[in-house]
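Residues per chain are reported as follows:
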Amino acid sequence: MVLSDKGVTGQVTPDSRVQVRRAALASAVGTTIEWYDFFLYNTAAALVFPHLFFPASSAYAGAMQSFATYAVGFAARPVGAAIFGHWGDRIGRKATLIVTLLLMGISSGIVGILPGTSAIGIAAPLLLVLLRLVQGIAIGGEWSGSVLLAMEWGDQRKRGLLGSFAQIGVPVGLVLGTGGMTLLSATLSPAAFDSWGWRIPFLLSLALVAVGLVIRLKILETPMFAKLVQNRQTARTPVLDAIRHHWREILLSAGVRFSEQMPFYLFTSYVLIYVVSRPEFSKTFVLNAVLVGAACELALIPLFSALSDTFGRKRVYLCGAVLTGLIAFPYFTILAHGSHVLVFVAVVVSFVPHALQYGPQAALIGESFPTHLRYGGAGLGYQLASVFAGGPAPLLATWLLHTTGTPYAISGYIIVAAVVTVVCVVVLKDRSKADIDDVTVYRRA
């Protein structure tokens, strides 16, 4: 395999093999660290932040306020996608990803030492919101760069599988973040965990960032982007150009994420509050179930991504969207009335339709944009869904349950998201077999 203008093709050389491996590793490790930090916040928002930063509120109001700070991070993601999308398509994928990693790690470390409202008053929740904004901006710029790092280096016939290296970072980050919280929750007393134990995983993120930086500094720029620089074909205003010429793909990319992202944050974050509201269930039990589900995704994401290289992105993705809609009512029926075994199984199984979509998703969205606009275009499409799907999900679920008194209102919410995704996937063009380094592929008839 030799490096050509179109990625990695032909005969294998030791140099190209090393770079492909490094790109895949940098993609996976970097996103693992970013999502480790992000999921730590999600778990803490459900278990610790309501009484630490909003102690004067009722249980319902505290949960709403905590999830509101959670939603702020999602609202900031498109901003990060625009900022880092510009530089990712101007100066390159590598340099931009180093900055996003530093931003995420440092802001998470500061959360780990942030005093509560009882110590510094109103400044505590305000600083928490500010740090969440920084996290959201960093995540907004991270995803598309990590995906492209692997996709634009490897064998173009395996873009689905290669793109999944960045996606694997989500379940690994969830395993590490949730696993850390589970271990501390199980070994420390409730008072110790709420006082200082939850801070330890946030502080450990600083050490993980150092590891990620070492790996990312050793990679080279992707061949596709290097060719653009060599030929002086980079766009001057890539984000504006992406919006102007590919607004349709940006909106459809956001739409295809509804049934993947919105239920995922219900299944991994809101579930912590809902199930624990039943007296017979503990925090540790639910965290363990989420942990096992995330571990299963480690195998499922690359499997479904590889299948998308054979059968096409849209076919695999549609299976996941339809399955999400089908489990919506059974899922909440089990959470509300099921035994420990059934609840555990339901939480774990909920990760399967997510993997069916999240695995092929990187390639499906990344392939929708030409190389010179891909970082910004893919990032905007991916992160725009965060404003309407992922961010509001726990907040709206809490409100729906409180207002209607039934979890089936949340099931209906999930089904609406699945319908939106099915429509958008059907409309979005499938470029699974196309040469994505050929700009004519993106010209409209």
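Residues numbered from 1 in each chain as written. Predicted model: local features only at pLDDT ≥ 70, side-chain atom pairs only at ≥ 80, totals over all residues. Heavy atoms only, no water.

A. Local environment of unusual backbone geometry. Notably, Arg232 is not glycine yet its phi reads approximately 55°, a positive angle. Assignment of secondary structure puts Arg232 in the loop between helix H10 (223-230) and helix H11 (238-256). (Helix = DSSP H or I, 4+ residues; strand = E, 2+ residues; numbered from the N terminus.)

B. Representation of the nonpolar core in the model. Ranked by internal contacts, the top residues of the largest apolar core, which has 118 residues, are Trp35, Phe49, Trp198, Leu266, Val271, Leu335 and Val347. Among the elements that make up this core, the one with the highest residue count is helix H1 (residues 14-47) (15 residues). Residues contacting Leu266, with those up to four places away along its chain left out, are Val271, Ala393, Pro394, Ala397, Ile410 and Ile414. (Core = buried A, V, L, I, M, F, W, Y, C linked by side-chain atoms within 4.5 Å. Buried < 20%, exposed > 50% of the residue type's maximum accessible area, 1.4 Å probe, protein only. Contact = heavy atoms within 4.5 Å.)

C. Broad picture of the pattern of salt bridges. Under the defined criterion, the tally for this structure stands at twelve salt bridges. Put simply, Arg216 and Glu142 hold a salt bridge, and the shortest N to O gap is 2.5 Å. In this pair, Arg216 is assigned in helix H9 (residues 199-217) and Glu142 in helix H6 (residues 123-151), connecting sequence segments 74 residues apart. Using a relative accessible area of 1% as the deciding quantity, one classes Glu142 as buried. For Arg244, the salt bridge goes to Asp241, with nearest N and O atoms at 2.8 Å. Of this pair, Arg244 and Asp241 both sit in helix H11, separated by three residues, roughly a single helical turn. Classification of Arg244 as partly exposed rests on a relative accessible area of 49%. Given a relative accessible area of 16%, Asp241 falls into the buried group. One salt-bridge network, in which partners are shared between bridges, spans Asp89, Arg93, Glu152 and Arg374. (Salt bridge = Lys/Arg side-chain N within 4 Å of Asp/Glu carboxyl O.)

D. Fine view of the packing of aromatic side chains. Across all of its chains, the model carries 13 aromatic pairs by this definition. Ring centres of Trp198 and Phe202 lie 5.6 Å apart, and the angle between their planes is 85°; on these two criteria the pair is classed as edge-to-face. The lysine or arginine in question, Arg257, covers the ring of Tyr382, its NZ or CZ lying 3.5 Å from the ring centre. (Phe/Tyr/Trp six-rings, centres within 6.5 Å; stacked < 30°, edge-to-face > 60°. Lys NZ or Arg CZ within 6 Å of the ring centre and 35° of its normal.)

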